[in-house]
Amino acid sequence: MAKPFRPVRALAATAAALAIAFVVAACTVGSQGVVIAPKLSNDARDIGRNRSVHLTVVDARPSALIGYRKTETGDQARVESTGNPVAAVQSAMEVALEDKGFSLAQSARDTDNHLTVEIREIGYEASGKYVAPSVTTRAVFKAIARRGGTTFEQTYRLEKQDREALPLTSERNARLINETVSEVLTMLADDIELLGFLAGDPAPQR
């Protein structure tokens, strides 16, 4: 015999599904995606003497979450990186290395000179009122250079504050975050100790 239809059970299941959908929607309302697009301002100098180097970029962050911003209602909304940050950093660093006089090896087997750039942190914090918030952005990158059996490592970090009386639009946040990322990568690309090691100089003594 077929079981009788249970309208109460069916309504409960529908209500539960709607509640889950509402929670998911609430978590995504107001969220912003920031495309990481660094622009380095490093000077072109012939430090590399055409020495080949193989470049690898690694996203070592636990997630794409950058931070949270306040919405007009006072709620917190996610700010996260979108697109391909690894490809963006790779492209910017390749240009910087070539500007410094290095040639890029297409494969790790083509050279004993390797540079790994790790994206350790891209951070964002907003405080104060929605219409005039204070924004703090952070970026941490690590360079790991290997030449033969020798390794040279260096970490680069920067924290900046911005107090413009402007709402936290996606355009403003993207500009502030990318300015900080660009400055840290410029520090890395201009590090004379790192560049000297890649060019064949002895590893700096620490």
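Residues numbered from 1 in each chain as written. Predicted model: local features only at pLDDT ≥ 70, side-chain atom pairs only at ≥ 80, totals over all residues. Heavy atoms only, no water.

1. Quick look at the side chain of Lys142
By the element assignment, Lys142 lies in strand 7 (residues 133-147). Every residue in contact with Lys142, bar those within four places of it in the chain, is listed here: Thr116, Val117, Glu118, Arg120, Glu153, Gln154 and Thr155. (Helix = DSSP H or I, 4+ residues; strand = E, 2+ residues; numbered from the N terminus. Contact = heavy atoms within 4.5 Å.)

2. Comments concerning the confidence of the model for the protein chain
Model confidence for the protein chain is summarised by a mean pLDDT of 85, while 81% of its residues fall at 70 or above. When pLDDT is averaged over each helix and strand of the protein chain, the minimum, 41, is found for helix 1 (residues 7-28) and the maximum, 98, for strand 2 (residues 52-59). The model gives residues 5-28 a pLDDT under 50, and that stretch makes two contacts with residues more than four places away or in other chains. (pLDDT = per-residue confidence, 0-100.)

3. Digging into helix 2 (residues 85-99)
In this model helix 2 runs 21 Å from its N-terminal to its C-terminal C-alpha over 15 residues, within 8% of the 21 Å that 1.5 Å per residue would give. All of the buried residues along helix 2 are Pro85, Ala88, Val89, Gln90, Ala92, Met93, Ala96 and Leu97. Taken together, the buried residues of helix 2 touch strand 2, strand 4 (76-82), strand 5 (103-104), strand 6 (113-128), strand 7 and helix 3 (170-189). Just past helix 2, the residue Gly101 takes up positive phi, approximately 100 degrees. (Expected span 1.5 Å × (residues − 1). Buried < 20%, exposed > 50% of the residue type's maximum accessible area, 1.4 Å probe, protein only.)

4. Some thoughts on unusual backbone geometry
Despite not being glycine, Arg49 shows a phi value in the positive range, around 50 degrees. Residue position: Arg49 is located in the loop between strand 1 (32-35) and strand 2. For Asn50, which is not a glycine, the phi torsion comes out positive at approximately 65 degrees.

5. Some details on the pairing of strand 3 (residues 65-70)
Alignment of strand 3 against strand 4, held across five bridges, turns out to be antiparallel. Across the sheet, residue Leu65 finds its bridge partner in strand 4, namely Glu80. One ladder, built from two bridges, connects strand 3 with strand 6; its direction is parallel. Paired with Tyr68 across the strands is Glu125, a residue of strand 6. (Pairing = 2+ DSSP bridges.)

6. Points about the nonpolar core
Residues Leu115, Val117, Phe141, Ile177 and Leu194 are the most contacted members of the largest nonpolar core, which totals 38 residues. Broken down by element, this core gets its largest block of residues, seven residues, from helix 3. Contact partners of Ile177, with chain neighbours within four places excluded, come to Val34, Ile36, Ile66, Val79, Ile122, Tyr124 and Thr137. (Core = buried A, V, L, I, M, F, W, Y, C linked by side-chain atoms within 4.5 Å.)

7. A few points about the packing of helix 2 against helix 3
One way to put it is that helix 2 packs onto helix 3 with a least axis distance of 11 Å and a crossing angle of 40 degrees. Regarding helix 2 and helix 3, the two cross each other, and that crossing is right-handed. Facing Val89, Met93 and Ala96 of helix 2, the residues of helix 3 in contact are Leu185, Leu188 and Ala189. Taken together, the residues of the contact of helix 2 with helix 3 sort by class into six nonpolar, no polar and no charged. (Axes fitted to C-alpha atoms, helices over the stretch in contact; angles between N-to-C directions. Left-handed = near helix turned anticlockwise from the far one by under 90°. Nonpolar A, V, L, I, M, F, W, Y, C, P; charged D, E, K, R; others polar.)

8. Quick notes on the packing of aromatic side chains
Applying the stated criterion across every chain yields a total of one aromatic pair. Arranged with centres 6.1 Å apart and planes meeting at 45 degrees, the rings of Phe152 and Phe197 form a pair that is tilted. You can see Phe152 sitting in strand 8 (residues 150-162) and its partner Phe197 sitting in helix 4 (residues 192-198), a full 45 residues away along the chain. The residues Phe152 and Phe197 share a single accessibility class, namely buried. Stacked on the ring of Phe197, the Lys or Arg Arg147 has its end atom at 4.4 Å from the ring centre. (Phe/Tyr/Trp six-rings, centres within 6.5 Å; stacked < 30°, edge-to-face > 60°. Lys NZ or Arg CZ within 6 Å of the ring centre and 35° of its normal.)

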